[in-house]
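Residue-level structural notes
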Amino acid sequence: MRKNIIVFGGDGFCGWPTSLHISACGYNVTIVDNLVRRKTDIELECESLTPITPIGTRIEVWKKMTSKNIGYHYMNVAEDYEGLLALFKKLKPIAIVHFAEQRAAPYSMKSPSHKRYTVNNNINATSNILCSIVESGVDCHVVHLGTMGVYGYGTAGMKIPEGYLKVKVGGDSQKIKMLYPPNPGSIYHMTKCQDAIMFYYYNKNDDIRITDLHQGIVWGTNTPDTMLDERLVNRFDYDGDYGTVLNRFLMQAAVGHPLTVHGTGGQTRAFIHIQDTVKCVRLAIENPPRHGKRVRIFNQAAESYNIKDLAQKVNELVGAEIRYYKNPRKEDAENTLQFQNEGFKSLGWEPITLNTNLMKEVSDIALKYGERCDKRKIICTSLWNKDNELDYIGSKEEVI
Ligand SMILES: NC(=O)c1ccc[n+]([C@@H]2O[C@H](COP(=O)([O-])OP(=O)(O)OC[C@H]3O[C@@H](n4cnc5c(N)ncnc54)[C@H](O)[C@@H]3O)[C@@H](O)[C@H]2O)c1
């Protein structure tokens, strides 16, 4: 039985622990990554808080610890179509996991060139992967990491469904299911909405089996696999472009920086722990949709939290000053968010919810590597439009 799986973007924050988990579960994993995320560290002059080792060392140490091989190809999937095609023909994977996109909303909004790079990279990566699957003739299940952000953050008073909205048309006489209306809040989110249209098309036209995972904001750092050896440590982004909010708050508290709440902190977002990310991706791989079925969409998120409440929780756990900064984004100051996540639960997923032990674990990592933090990189300096203002100082009061 062939059990090859390609993980595109397997050197990244979600991709690395997922590659290890899938490898540990007995699949032959090949990582494809052009290391652009590491190069972006150089551009932004800010490294992962955790000292990540080179990809070659990571793979070598994994082999030493587990006797399992992980293959690696340095390749830009947005540009090297022929290389990609050859790889599909050679490996004939049963599934691929597609993480290989520019994934930070603030980075995508930094400048016209960052906007254009994000569009070119993300759209071409997805397009090349889908096109090369068709051309190679390989029957392979595509598992893609999308985001809860494609729905926008207004819920019209209902739980956001898993990808499709039931609507009544023709004076209520006919019911249809349509893709939930896309409502991107940044160029990055816009590319994820466009990915969804490409999936819809390739599934309809070429019967490619696709699972699109609308993931919440990921928190946490390590998984049992990355903890086997310090050289397997996962990356920890804390800067204003790539850092995700809960990890940022825990790190800020650890280094004595005020917690950087934007606006009123009334924004509600969906969250998932990194250990659940890897589990969910494996569950998706092991339960592919059947041929002839439309694109399957799961909401890969455990629970939602209001940013102010999150800051309060961090304050209660480790003690921290909370400060409110002018919001660099164009977004609603406050929103509620409810969503369905029955898809994964029906496959046996029991979500990890925010808990003191796991928050403490992140905080301990932040304390351990705190001296690597460059505090000048903490504030988000990427502005959504000309009406937004940089705010390095913040205030004790909510910014309306
Ligand atoms: N981190 C989160 O909180 C989060 C939340 C929701 C969704 N996601 C999605 O999960 C995916 C992975 O996110 P992440 O946090 O691991 O990001 P990341 O930036 O850490 O990892 C992405 C990896 O893809 C690689 N890559 C990017 N473009 C490539 C290209 N053209 N060719 C080859 N490799 C390329 C990068 O070098 C990097 O290693 C993204 O698509 C993102 O949209 C992440």
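Residues numbered from 1 in each chain as written. Predicted model: local features only at pLDDT ≥ 70, side-chain atom pairs only at ≥ 80, totals over all residues.

Some remarks on the overall build of the protein chain
Check the secondary structure of the protein chain and you find 12 helices and 14 strands. The C-alpha radius of gyration of the protein chain comes to 21 Å, within 12% of the 21 Å expected for a compact globule of 400 residues. Referenced to the eigenvectors of the C-alpha coordinate spread, the extents of the protein chain come out at roughly 65 × 60 × 40 Å. The proportion of buried residues among the 400 residues of the protein chain is 49%. Nonlocal contacts in the protein chain, meaning residues at least 24 apart in sequence, comprise 83% of its contacts between residues at least 6 apart. (Helix = DSSP H or I, 4+ residues; strand = E, 2+ residues; numbered from the N terminus. Rg over C-alpha atoms; globule rule 2.2 N^0.38 Å. Buried ≥ 20, exposed ≤ 12 C-beta atoms within 10 Å, placed from the backbone. Contact = placed C-beta atoms within 7 Å.)

Re the environment of methionine 359
Relative to the helices and strands, methionine 359 resides in helix 12 (residues 356–368). Separated by 141 residues in sequence, methionine 359 and valine 218 have C-alpha atoms that sit 13 Å apart. Residues contacting methionine 359, with those up to four places away along its chain left out, are Leu250, Leu317 and Leu354.

Focus on the nonpolar core
Counting 95 residues, the largest nonpolar core has Ile5, Phe8, Ile96, Val97, Phe249 and Leu250 as its most contacted members. With seven residues, helix 8 (residues 245–255) is the single largest residue contributor to this core. Excluding residues within four positions of it along the chain, phenylalanine 8 makes contact with Val32, Val77, Ile96, Val97, His98, Phe99, Ala100 and Ile129. If you look at the next biggest cluster of nonpolar residues, it comprises eight residues, including Ala104, Tyr107, Met109 and Tyr188. (Core = buried A, V, L, I, M, F, W, Y, C linked by C-beta atoms within 7 Å.)

Some details on the sheet that holds strand 5 (residues 141–147)
Ordered in space as 3-2-1-4-5-8-12, the seven strands form an open sheet in which the pairing is parallel. Bordering the open sheet on either side are strand 3 (70–74) and strand 12 (296–300), each of which pairs with just one other strand. Ignoring which end each strand starts from, the neighbouring axes of this sheet average 20° apart. With four bridges connecting them, strand 1 (residues 4–8) and strand 4 (residues 95–98) associate as parallel partners. Note that in strand 4 the partner of phenylalanine 8 across the bridge is histidine 98. (Pairing = 2+ DSSP bridges. Axes fitted to C-alpha atoms, helices over the stretch in contact; angles between N-to-C directions.)

By themselves, these observations are geometric and do not establish any function.
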